[in-house]
Amino acid sequence: MELRYSLTFLSLLLPLCSAGSNLSSHLVLEPYDFLFDTAVEAYYKGDWLTVILNMEKALRNKATVRKVKAQCRLSCANHTAFGEPLAGMGVPIPGAGSVEDLGFFQKILKRADCVNSCETEKLGTPTLHQVTEEVELEFKKRTPYNYLQVAYFKINKLDKAVAAAHTFFQANPDHMEMKQNLDYYRMMAGVQQEDFKDLEARPHMAEFLLGKSYYSDDSFGLAAEHFEVAIDEHFTANKECRALCEGAYNYDGYNYMEYSADLFQTMTDHYMQVLNCKQHCSVELASTAGREKPFEDFLPAHFNYLQFSYYNSGKYERAIECAKTFLLFHPNDEVMNQNLAYYSAVLGEDKAQTISARQVVKQYIQQSILEKELLYFGYEAFGITFVDPDTWTPEDVMPKKLRDKQKADRETAARITEEIGNLMKEIETLVEEKKKDSTDITKIIVPQEGGALMYDDIKVTMTSTQLNGSQRVLLDGVITDDECRELQRLSNAAALKGDGYRGQPSPHSPSEMFQGVTVLKAVKLGQEGKVPLKSARLFFNLSEKVRKVLESHFRLDTPLYFSYSHLVCRSAIDEKQDREDLSHPVHVDNCLLVSELNECIKEPPAYTHRDYSAILYLNDDFEGGDFIFTELDAKTVTAEVHPQCGRVVGFGAGKENPHGVRAVTKGQRCAVALWFTLDPAHEEKERIQAQDMLEMFSTPVNAEFSKTDSSDPQPATPEPPAQADQGKADNKQNDKPAEQKQDVPADTQDDKAADSQKDKAKAKTASKTTDTKATKAKAPKAKAKAGDQAKAKTDKVKPAAKTDGKQKVKTQAKQADKKDAKSAAKKTVAVKKDSKTAKAHASDSQDSRDEL
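The structure displayed is predicted, hence computed values, not measured ones.

Calculation criteria
- Residues numbered from 1 in each chain as written.
- Predicted model: local features only at pLDDT ≥ 70, side-chain atom pairs only at ≥ 80, totals over all residues.
- Heavy atoms only, no water.
- Helix = DSSP H or I, 4+ residues; strand = E, 2+ residues; numbered from the N terminus.
- Contact = heavy atoms within 4.5 Å.
- Areas by Shrake-Rupley, 256 points an atom, 1.4 Å probe, with all protein chains shown as cover.
- Disulfide = S-S within 2.5 Å.
- Buried < 20%, exposed > 50% of the residue type's maximum accessible area, 1.4 Å probe, protein only.
- Axes fitted to C-alpha atoms, helices over the stretch in contact; angles between N-to-C directions.
- Left-handed = near helix turned anticlockwise from the far one by under 90°.
- Nonpolar A, V, L, I, M, F, W, Y, C, P; charged D, E, K, R; others polar.
- pLDDT = per-residue confidence, 0-100.
- 1 Å grid on protein atoms, 1.4 Å probe; cavity = no way out; pocket = protein on both sides within 12 Å on 5 of 7 lines; lining within 4 Å.
- Points joined across faces, edges and corners; volume = space filled by probe spheres on them.
- Salt bridge = Lys/Arg side-chain N within 4 Å of Asp/Glu carboxyl O.
- Core = buried A, V, L, I, M, F, W, Y, C linked by side-chain atoms within 4.5 Å.
- Pairing = 2+ DSSP bridges.
- Expected span 1.5 Å × (residues − 1).
- Phe/Tyr/Trp six-rings, centres within 6.5 Å; stacked < 30°, edge-to-face > 60°.
- Patch = residues over 30% accessible without salt bridge, like charges linked within 9 Å, V, L, I, M, F, W, Y side chains within 5 Å.
- Parallel < 35°, antiparallel > 145°, perpendicular 65-115°, else oblique.

A.B. asks: Would you mind showing me how to read the overall build of the protein here?
C.D. replies: Across its full length, the protein holds 23 helices and 17 strands. When contacts within the protein are restricted to residue pairs at least 6 apart in sequence, those whose partners lie at least 24 apart make up 77%. As displayed, the protein offers around 43,400 Å² of accessible surface, 53% of which is attributable to carbon and sulfur atoms.

A.B. asks: What should I look at first to understand the state of the cysteines in this one?
C.D. replies: What we call a disulfide is simply a covalent bond connecting the sulfur atoms of a pair of cysteines. Within the structure shown, the criterion is met by seven disulfides. Covalent S-S linkage joins cysteine 72 and cysteine 118, the inter-sulfur distance amounting to 1.9 Å. Taking the torsion about the sulfur-sulfur bond, which here is approximately -70°, the covalent link between cysteine 72 and cysteine 118 counts as left-handed. One end of the pair, cysteine 72, is in helix α3 (residues 48-79); the other, cysteine 118, is in helix α4 (residues 97-123), with 46 residues separating them in the sequence. Like cysteine 72, the residue cysteine 118 is buried in the burial classification.

A.B. asks: Is there a simple way to think about the packing of helix α7 (residues 158-171) against helix α8 (residues 176-187) in this case?
C.D. replies: Angle between the axes and distance between the axes are the two parameters that describe a pair of packed helices. Where α7 contacts α8, the axes come no closer than 10 Å and their chain directions differ by 145°. In this structure, α7 crosses over α8, and the sense of that crossing is left-handed. Across from Leu158, Ala161, Val162, Ala165, His166, Phe168 and Phe169 in α7, the residues of α8 making contact are Met178, Lys179, Leu182 and Tyr185. Within the contact of α7 with α8, the residues separate by chemical class into nine nonpolar, one polar and one charged.

A.B. asks: Can you walk me through the confidence of the model for the protein in this structure?
C.D. replies: Fine structural detail should not be taken from predicted coordinates in areas where pLDDT scores are low. Averaged over every residue, the pLDDT of the protein is 78; residues scoring 70 or more account for 74%. Within the protein, strand β17 (residues 836-837) has the poorest average pLDDT of any element, 39, and strand β9 (residues 612-617) the best, 96. Below a pLDDT of 50 lies the segment residues 1-25, which in the model reaches 21 contacts outside its immediate sequence neighbourhood of four places, other chains included. Every residue in residues 700-777 scores below 50 in pLDDT, and together they form 231 contacts with partners more than four places removed in sequence or on other chains.

A.B. asks: Before we go on, may I ask you to explain the side chain of serine 491 in this structure?
C.D. replies: Position of serine 491 among the secondary structure elements: in helix α19 (residues 481-494). Apart from the residues lying within four places of it in its own chain, the contact partners of serine 491 are Gln515, Leu567, Val568 and Cys569.

A.B. asks: How should I be thinking about empty space enclosed by the protein in this particular structure?
C.D. replies: A water-sized probe rolled over the atoms picks out the places where empty space is left. A complete count under the given rule lists two cavities of 30 Å³ or more for this structure. The space that makes up the largest cavity amounts to roughly 100 Å³. What lines the largest cavity is simply Asn238, Arg242, Lys278, Gln279, Cys281, Ser282, Tyr364, Gln367, Ser368, Glu371 and Asp390. Of all the secondary-structure elements, those providing two or more residues to the lining of the largest cavity are α10 (220-244), α11 (263-279), α12 (281-286) and α17 (359-382). Together, Pro507, His508, Ser509, Glu512, Met513, Phe514, Arg570 and Ser583 line the second largest cavity. Ranked by the residues each element gives to the lining of the second largest cavity, the list is headed by strand β4 (residues 512-517), at three residues. For the lining of the second largest cavity, the residue count by class is three nonpolar, three polar and two charged.

A.B. asks: Just to check I follow, could you spell out the pattern of salt bridges for this structure?
C.D. replies: Side chains bearing opposite charge may pair, as long as their charged atoms lie close to each other. Taken as a whole and assessed by the stated rule, the structure comprises 24 salt bridges. Among the ionic pairs, glutamate 284 bridges to arginine 202, the shortest N-O distance being 3.0 Å. Residue glutamate 284 is located in helix α12, and its partner arginine 202 is located in the loop between α8 and α9 (203-216); the two are separated by 82 residues in the primary sequence. Glutamate 284 gets classed as partly exposed once you look at its relative accessible area, which sits at 39%. The salt bridge partner of glutamate 317 is lysine 351, with a shortest N-O separation of 3.4 Å. Placement of glutamate 317 in helix α14 (residues 316-329) and of lysine 351 in helix α16 (residues 349-353) is noted, with a sequence separation of 34 residues between them. The exposure class of lysine 351 is partly exposed, given its relative accessible area of 44%.

A.B. asks: Can you walk me through the nonpolar core in this structure?
C.D. replies: Considering soluble globular proteins, one finds that nonpolar side chains tend to be buried as a cluster. Counting residues in each nonpolar core, the largest one holds 48 residues, and the members touching the most others are Phe208, Phe303, Leu306 and Tyr343. Contributing elements (two or more residues each) for this core: α9, α10, α11, α13 (298-312), α14, α15 (334-347) and α17. Examining the composition of this core, we find that nine residues originate from one element, α13, more than from any other. Contacts of phenylalanine 208, omitting those with residues within four sequence positions, involve Phe227, Ala230, Phe295, Phe298, His302 and Tyr305.

A.B. asks: Help me understand the pairing of strand β12 (residues 636-641) in this model?
C.D. replies: Note on strand geometry: in a regular strand, side chains alternate between the two faces of the sheet. A large share of β12 lies buried, amounting to five of its six residues. Count of turn residues in the strand β11 (residues 627-630)/β12 antiparallel hairpin: five residues, of which alanine 634 carries a positive phi of about 65°.

A.B. asks: Even after reading the chapter, I still don't get the pairing of strand β2 (residues 472-476), so can you show me in this structure?
C.D. replies: For β2, a buried count of five out of five residues is recorded, marking the element as mostly surrounded by other parts of the structure. Of the two faces of β2, both are covered, the one formed by Arg472, Leu474 and Asp476 as well as the one formed by Val473 and Leu475. Pairing of strand β1 (residues 459-462) with β2 involves three bridges; the strand directions are antiparallel. In the sheet register, methionine 462 faces β2, and the bridge partner there is leucine 474.

A.B. asks: Whenever I open this one, α13 confuses me. Can you help?
C.D. replies: Every α-helix winds through 3.6 residues per turn, so residues three or four apart in the chain are directed the same way. Between its first and last C-alpha atoms α13 spans 22 Å; for 15 residues at 1.5 Å apiece the expected length is 21 Å, and the two agree. For α13, the buried fraction is high: 14 of the 15 residues fall into the buried class. Positive backbone phi, at 75°, marks glycine 314, one or two positions downstream of α13.

A.B. asks: Is there a simple way to explain the packing of aromatic side chains in this structure?
C.D. replies: Here the distance between the centres and the angle between the planes together describe a pair of aromatic rings. The full count for this structure, using the stated rule, is 35 aromatic pairs. Ring geometry for phenylalanine 208 against phenylalanine 295: centres 5.3 Å apart, planes inclined by 70°, an arrangement best described as edge-to-face. Linking phenylalanine 208 in helix α9 with phenylalanine 295 in the loop between α12 and α13, this pair joins segments that are 87 residues apart in sequence. For the residue pair phenylalanine 208 and phenylalanine 295, the accessibility class agrees, reading buried in each case. Judged by centre distance (5.5 Å) and plane angle (85°), the rings of tyrosine 215 and phenylalanine 220 are edge-to-face. These aromatic residues form a ring-pair network of at least three members: Phe208, Tyr215, Phe220, Phe227, Phe295, Phe298, Tyr305, Phe308, Tyr311, Tyr316, Tyr342 and Tyr343.

A.B. asks: Please explain a nonpolar patch on the surface as it appears in this structure.
C.D. replies: A surface patch of nonpolar side chains, about 500 Å² in accessible area, is lined by Ile416, Ile420, Leu423, Met424, Ile427 and Val431. Given the relative accessible area of 40%, isoleucine 416 is considered partly exposed.

A.B. asks: Help me out: how do you make sense of the sheet that holds strand β13 (residues 648-652) in this one?
C.D. replies: Strand-to-strand pairing in sheets goes through backbone hydrogen bonds, with the strands running parallel or antiparallel. An order of β1-β2-β13-β9-β16-β5-β4-β3 is seen for the eight strands of this open sheet, with the pairing classed as antiparallel. Both edges of this open sheet fall to β1 and β3 (496-497), since each of them pairs with a single strand only. Relative to β13, β2 runs antiparallel, the two sharing four bridges. Its bridge partner lying in β13, arginine 472 is registered against phenylalanine 651. Packing against the sheet, α19 makes contact with β3, β4, β5 (561-572), β9 and β16 (668-677), and its axis sits at approximately 80° to β5.

A.B. asks: So what exactly am I meant to see when it comes to the packing of α10 against α17 here?
C.D. replies: The N-to-C vectors of α10 and α17 enclose an angle of 25°; their axes lie 13 Å apart at closest approach. Taken together, α10 and α17 sit at an angle that is classed as roughly parallel. Handedness of the α10/α17 crossing: left-handed. Residues Phe235, Asn238 and Arg242 of α10 form the contact with α17, whose participating residues are Val360, Val361, Tyr364, Gln367 and Glu371. Residues belonging to the contact of α10 with α17 are distributed by class as follows: four nonpolar, two polar and two charged.

A.B. asks: Which parts of the structure should I look at to understand unusual backbone geometry?
C.D. replies: Of note, the amide linkage connecting proline 604 to proline 605 takes the cis form, showing an omega dihedral of 10°. Mapping proline 605 onto the fold places it in the loop between β8 (599-601) and β9. The backbone phi angle of asparagine 156 is positive, close to 65°, even though this residue is not glycine. Mapped onto the secondary structure, asparagine 156 falls in the loop between α6 (143-154) and α7.

Okay, structure coming up:
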């Protein structure tokens, strides 16, 4: 490899040139794998400008190699077309087969010479730009942009860093670190929305997606313009794709030294491989980065969208042309035939008949069908497998024998699928029975309680026994009066009405107004200067204090992770209400309570991952609002707690602890509601992001640009595909974006983009009556299918990372300083052992944000 690079470097110093030509026009293009390796080496040295220079050049040179090869092959195909008569032969001679063969091979030799000369002149020797599969894979995964976003970030070129990060993320949507980086960039000053662009977007796909966007917004004129450009770009890209298929023969797993086919068999094998590649260009052009599957029926869909766009723009001639073009692919499509009849009736049958489908599409379909017939012949005669990628292919193109075989294969596959499904159901039944047995065993085991509380000023006021249940505790003195007041001020300054309940200001009772704010929202408002940042930090730190206390009291062997944190207040709308409903209906935090059956079903939509819950109360200057524990019937009250500043009620989140809140009849009741999980996979992402931001505010951002210490994590490396599972979300590193595994904020529910709008195709337009003779046409229907939404991938991908720095464990939030302030007075807790009936309506369902 070193010898090759040495020779390569020498060749760069000795550009190929011809007499009288411009030397600069014949400089040999540097191999992009050499440039890539140079950039990676510079990355580990912290030489960011060299990284940028070489990686950008590697991307440009790779694109140039592809473009030159396509242009040379297309140009030579035009110069040496097989349709021309053999020079000197005149008219064909009957029976002169061998002479005609010579004419055929003469064209082959001329084209080969043309392509070889063209590529050598523009690119250098044929082997100069050959790269390994590993390097090809890195470029396919867009790894160069991962390095570039780090380098640009280091030199404070944020617009370029954002574009590089966005480009990488489009092809790697499950890359959690890059997702966090992008969220981090969005919060940075100077970053604009237009900076988030895909630098690898192909013109035909970009125009198609723009057209769909305008189509969804009912901007049909703009949609048609973009769809037309998309079609032109599609055919250009198709020519390039097909030309690039005419490369070297792929021996497909066996040694070329063992390949012993004769002349015509060899030609057949290679040509079938080329045709197969050309057929799959339709799949290549219908695919886009980050989308699991290609768009279905991609090219016909353009004309589907166009015919309806032109109809809505009043351009019936164009609508008819596009409808007829679509019918070239699907001649029996009922909806499109109805639309065509309608357009023809409106325009006039005579005029409509003079409009024909687009010629370029007719030629495309004719060529494609001829290629399919050859491929099916190769399938039958030589066993060369061909799977047709198109849905529009006429049925009779495939030989009957193959059709019957495929039908039998489909039936067999369906039968196997059904059997597998039945087997999976049996396995699920066995697993459920096993879970039930395990649950019964755990009921026998009494959980341990009464561990040390870690803080001298916290007192256990009541235990599980005193609260008439299990996994329950009441603590006092957890925070001071000053801290209570500061958090209450934060809630009133930062909280949103109906937060966590889709903006419903009264989600549980029409007599109360609910407001809330998350940790991340509070920190962001602190960053913007809208609330004191120290208040947001206090919110974070005190909730962390509660977590530690619960973890210690319940003597847990595994750590608790935050599942959700919410600072909430509920206020009585009218003073001194006479109410019998509850402020919050009785529910269970990790299962669906069915009070009529005394059952709690632990399955979605319940938050089954929640294991413990806690409420930190901030005030007592209100009426009502007592917290209650009940039996599974949601009526029999087993314990009742009156809120006061610094009081915490903690409990297991399972069906042993149904709970609710009595009506707040006067004033405002504020608390910090916390849910915890033992499963780190369900750790609250917003909280991780808030912690990252708080740490970032403690360190100037500009200082991060100049850091070059050895603990800097690294991006996805040029090392190939065998990779481990994605690291857990809680294994973060320092706060630098990039594939550097830094503590940049994770994505949040607030920041999630809305789902893309569904296609409005196949919607019937209002019928119009016409006076045409013998024509009874229906109004057109938009045909576009709504299956174009990208499916979110569920499996995570971890790039192979060369990390020479050790991962830092996330620092725990700083413990609140102990104050000498006088502890809040303890109020008595009324424990009601008899059956006390709550006349409120008990809800059997659970909202996504159960506040207490």
